[in-house]
Amino acid sequence: AKAKAKAEPKAKAKAKAKAEPKEEPKDLGKPALEGQYRSGRPVDVSALTRMSKDDLGLLPQPSKPKFRTALVGIYVRSQPYGASDKSSNGHRYDTIPFANGMIMAGMSCQLIH
């Protein structure tokens with residue numbers, strides 16, 4: 001019969017978890033200002049038509065992202081700002097917070113319409 005591995009006591013496991021140094025949050029830079037566009041890199045998307053006015057509030061893209069991602073939005077040309085669920089810059093209200101979450105996790109996130 002195989003011997004079972006002895007489980008660590010809970011107190012010892014908690015002490016190990018506390019002893020590990022926590023990663024300090026990195027200074028990612030300032031969010032984009034009105035009129036700034038930060039979705040142009042790391043992947044070249046210059047061939048695509050940009051429908052949004054700007055990327056207001058989007059954090060800078062990491063220089064060496066763990067993964068390259070894109071958040072794709074729909075823009076209805078016949079509707080003001082692209083649809084009723086958009087803010088004045090053409091992005092959905094939750095687009096920038098979603099993208100910033102991915103950026104803070106070390107991934108790039110380009111906003112594409």
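Figured I'd write up the structure that's included with this text. (Residues numbered from 1 in each chain as written. Predicted model: local features only at pLDDT ≥ 70, side-chain atom pairs only at ≥ 80, totals over all residues. Heavy atoms only, no water.)

### Let's talk about the environment of Val72
Then, in step 1: By the element assignment, Val72 lies in strand E1 (residues 68-72).
Then, in step 2: By relative accessible area, Val72 is classed as exposed at 60%.
Then, in step 3: For the pair Val72 and Cys109, spaced 37 residues apart in sequence, the C-alpha to C-alpha distance is 9.8 Å. (Helix = DSSP H or I, 4+ residues; strand = E, 2+ residues; numbered from the N terminus. Buried < 20%, exposed > 50% of the residue type's maximum accessible area, 1.4 Å probe, protein only.)

### So, helix H2 (residues 95-104)
Then, in step 1: Taken as a whole, H2 has its buried residues at Thr95, Ile96, Ala99, Asn100 and Ile103. Down the axis of H2, the sector holding all buried residues measures 120°, keeping them to one side. Opposite the packed face of H2, turned more than 90 degrees from it, sit the exposed residues Pro97, Phe98 and Met104.
Then, in step 2: Of the surrounding elements, those touching the buried residues of H2 are E1 and strand E2 (108-112). (Arc of directions from axis to C-beta. Contact = heavy atoms within 4.5 Å.)

### Side note on the pattern of salt bridges
Then, in step 1: Inspection of every chain in the model, using the stated rule, returns three salt bridges.
Then, in step 2: With a shortest N-O distance of 3.1 Å, Asp85 and Lys86 are connected by a salt bridge.
Then, in step 3: Owing to a relative accessible area of 29%, Asp85 belongs among the partly exposed residues under this scheme.
Then, in step 4: For Lys86, a relative accessible area of 8% puts it in the buried group.
Then, in step 5: Close ionic contact of Asp85 with Arg92 constitutes a salt bridge, the shortest N to O distance being 3.3 Å.
Then, in step 6: With relative accessibility at 40%, the residue Arg92 sits in the partly exposed group.
Then, in step 7: The structure contains a network of salt bridges with shared partners spanning Asp85, Lys86, Arg92 and Asp94. (Salt bridge = Lys/Arg side-chain N within 4 Å of Asp/Glu carboxyl O.)

### With respect to the side chain of His91
Then, in step 1: Mapped onto the fold, His91 is located in the loop between E1 and H2.
Then, in step 2: Taking relative accessible area as the criterion, His91 reaches 4% and is therefore assigned buried.
Then, in step 3: Only 3.0 Å separates the side chain of His91 from the side chain of Asp55, close enough to count as a polar contact.
Then, in step 4: When neighbours within four sequence positions are excluded, His91 is seen to be in contact with Ser52, Asp54, Asp55, Lys86, Ile96, Leu111 and His113. (Polar contact = N/O pair within 3.5 Å; in protein donor to acceptor, adjacent residues only side chain to side chain.)

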